[in-house]
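The chain contents come next:
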Amino acid sequence: MIRRIQIKRCIKTHTIIKREFQKSKNPVANPEITKDTLKNYQRKLLLNARYRGRVETELFLGGWAVNNIWKLSLEECEKFEELLEYPDNELYEWFIGQEEPVEEVAKNPYFNIVKEYIEAGRHLLNEQYNQSVAGGGGGGTTTL
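Residues numbered from 1 in each chain as written. Predicted model: local features only at pLDDT ≥ 70, side-chain atom pairs only at ≥ 80, totals over all residues. Heavy atoms only, no water.

Visitor: Help me out: how do you make sense of helix α3 (residues 55-68) in this one?
Guide: Because an α-helix packs 3.6 residues into every turn, residues spaced three or four apart end up facing the same way. The end-to-end C-alpha separation of α3 is 20 Å, in line with the 20 Å expected for 14 residues at 1.5 Å each. Where α3 is concerned, the buried positions are Thr-57, Phe-60, Leu-61, Gly-62, Gly-63, Trp-64, Ala-65 and Asn-68. (Helix = DSSP H or I, 4+ residues; strand = E, 2+ residues; numbered from the N terminus. Expected span 1.5 Å × (residues − 1). Buried < 20%, exposed > 50% of the residue type's maximum accessible area, 1.4 Å probe, protein only.)

As structure tokens, this is what we get:
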């Protein structure tokens, strides 16, 4: 029930924001687009990144978005939203390298940024695991 309410709010906010952004792509040129409107757009993107159909994709996109979405400008938010429009299974396979992404996604800067975020997290987990194994009496290294 709560998720339905959140989705309805996001749809309403998204409709209002799209209408305002269609008037002008430049928030400075259009005084109707305020920082609050941009914040609502960023909240919508954060919700879409964190609550998806696949847990792994939620962790990848939502993990990055929680820390970085508030730093994005309107144009950057639109690029990130383009990435969110793809299905979870395809995004997951592209992020882990099982398949090559389509050209449109490969050119999206946020695909590469999120992929780097995933790789950095994977290397950090490997280091922590190897330290715990080495400290626990076990030897050798393992790659997750």
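After presenting the structure, the write-up continues.
Visitor: Sorry if this is basic, but what is going on with the pattern of salt bridges here?
Guide: Any two side chains of opposite charge can pair, given that their charged atoms come close. In total, this model carries four salt bridges according to the counting rule given. Here Glu-81 ties to Lys-44 by a salt bridge, and the two come within 2.6 Å at their closest N and O atoms. Of this pair, Glu-81 sits in helix α4 (residues 74-84) while Lys-44 sits in helix α2 (residues 35-50), placing them 37 residues apart in sequence. Lys-44 matches Glu-81 in its accessibility class, with the two residues each being buried. Measuring nitrogen to oxygen at the nearest pair gives 3.2 Å for the salt bridge that ties Arg-54 to Glu-56. The exposure class assigned to Arg-54 is partly exposed, which follows from its relative accessible area of 23%. (Salt bridge = Lys/Arg side-chain N within 4 Å of Asp/Glu carboxyl O.)

Visitor: Would you take a moment to explain the nonpolar core for this structure?
Guide: A general feature of soluble globular proteins is that nonpolar side chains tend to end up buried together. The biggest cluster of nonpolar side chains holds 25 residues, and the ones touching the most others in it are Leu-61, Phe-80, Leu-83, Phe-95 and Val-114. Every element with two or more residues in this core is listed here: α2, α3, α4, α5 (88-96) and α7 (109-135). For this core, the leading source of residues is α4, giving five residues. Beyond its immediate sequence surroundings of up to four residues, Phe-80 is in contact with Leu-45, Ala-49, Leu-61, Trp-64, Ala-65, Ile-69, Leu-72, Tyr-110 and Val-114. (Core = buried A, V, L, I, M, F, W, Y, C linked by side-chain atoms within 4.5 Å. Contact = heavy atoms within 4.5 Å.)

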